[in-house]
Amino acid sequence: MIFEMGILSARRVGVLLAVFWIGALCYFWLPDAIKYISKSDTEKSVEEDNFSLDQTLHVCIASDHKTLGGMIALINSIIINTNSEVKFHLIVDSQSVDRVTIWIKSTKLRYIDFEVKAFPEEWVDGKIKIRAGRKELASPLNYARYYLPRLFPDINDRIVYIDDDCIVQGDIKFLYHMHIRPGHWAAFSEDCEGVNKRLSRLSNVYAEFIDFKNANVKKLNMKPSACSFNTGVFVTDLRLWDKNNITQQLEYWMELNTKEEVYGNEKGGGGSQPPMMIVFYNKYTNIESLWHVRHLGLSAGTTYNKGLLENRAKLIHWNGPFKPWGRVAQHSSIWDKYFIPEPSGQFKVVRRAV
């Protein structure tokens, strides 16, 4: 009898150890899988905060004449996947105002609520300096996100900003109404968790984007090892933005960078991201990972499982040089489902020969 009890105890210990190791492997190697099982954190937060889900949602997209097709596809993806009232605030270069207006009014998008504004490029004259990396990041439209209250003074509420190389497959109301912690000015997606961390070419820390040898940066007491975040998708309240003079703070770091190196020679490069990382340091809430699955534009080769992108990802982002309308973009079939051709045929979608 004692021998049998010993065997049973050993079996129990073996089962417990097996369960422990399986759980540990899931935690360390499949962090996203746990999230997929239940409703996303972003969706839960809407219910917890008890927002009114029937209000108009404000969404901002910026695009220049080279990327207008991305703006159109993104708009279409948002309206297809929500029943909420959405007001689109579109920022383009001066030569594209009539073009995008005709594109919208000549297609099935004619019924959407939208406004189009030309970005005054003189606002950033002499303030942009790209030292290394992708020179297209010097496009004035890349900095339009800095000026949302000035561009849309009548919005005294939240707004969601989304880059034009994205597709939204979830209901945008959940992102719009996500919980932002008290004392925070916005919500961004951190680069130190889940699948987005594993696919990034960087270490996902501030030191990859900002020169910590700079005397003015040192005064801020930021940690070089702090987790970086992506500025291509964010949620903010324009009242807080205005109250905290965020535009002026961003401009300060832009202008300083033209005189001395604050950012640009690091692995993360320059562009509009480093000033936002400085200004919003410790002032942002993290967006749940499925609401910003990114890095699809970093390479031509596939980096994600198609099932994840088609069935689980709420927002997909082709950040990087390989855009979804380009010849060698990965998973471009997802983007193609939402693209509406330009009536004039001016915007060309390029696909590799089969």
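Scroll up to find the structure this text is about.
What this report covers is the structure whose coordinates are included nearby. Worth saying up front: this structure is predicted, and the values here are computed from it rather than measured.

1. Focus: the sheet that holds strand 2 (residues 86-92)
1) Next: If you trace the seven strands from one edge of the open sheet to the other, you get 3-2-1-4-7-6-8, paired in mixed fashion. In this open sheet, the two strands that pair with only one neighbour each are strand 3 (113-118) and strand 8 (284-286). Pairs of neighbouring strands in the sheet enclose a mean axial angle of 25°, with direction left out of account.
2) Next: The pairing of strand 6 (residues 186-190) with strand 7 (residues 229-237) spans four bridges and is classified as antiparallel. If you follow A187 over to strand 7, its bridge partner there is V235.
3) Next: Here helix 4 (residues 68-80) sits on the sheet in contact with strand 1 (57-62), strand 2 and strand 4 (158-162), set at roughly 175° to strand 2.
4) Next: In the packing of helix 5 (residues 97-105) onto the sheet, the strands contacted are strand 2 and strand 3, and the crossing angle to strand 3 comes to about 165°.

2. Here we look at the state of the cysteines
Here a disulfide denotes a covalent bond joining the sulfur atom of one cysteine to the sulfur atom of another.
1) Next: As enumerated under the stated definition, the model contains one disulfide in all.
2) Next: In this model, C192 is linked to C227 through a disulfide, with the two sulfur atoms separated by 2.3 Å. Given an S-S torsion of about 120°, the disulfide between C192 and C227 has right-handed geometry. Placement of the pair is C192 in the loop between strand 6 and helix 8 (194-199) and C227 in the loop between helix 9 (215-218) and strand 7, with a sequence separation of 35 residues.
3) Next: By relative accessible area, C227 is classed as buried at 17%.

Conventions we followed
Residues numbered from 1 in each chain as written. Predicted model: local features only at pLDDT ≥ 70, side-chain atom pairs only at ≥ 80, totals over all residues. Heavy atoms only, no water. Pairing = 2+ DSSP bridges. Helix = DSSP H or I, 4+ residues; strand = E, 2+ residues; numbered from the N terminus. Axes fitted to C-alpha atoms, helices over the stretch in contact; angles between N-to-C directions. Contact = heavy atoms within 4.5 Å. Disulfide = S-S within 2.5 Å. Buried < 20%, exposed > 50% of the residue type's maximum accessible area, 1.4 Å probe, protein only.

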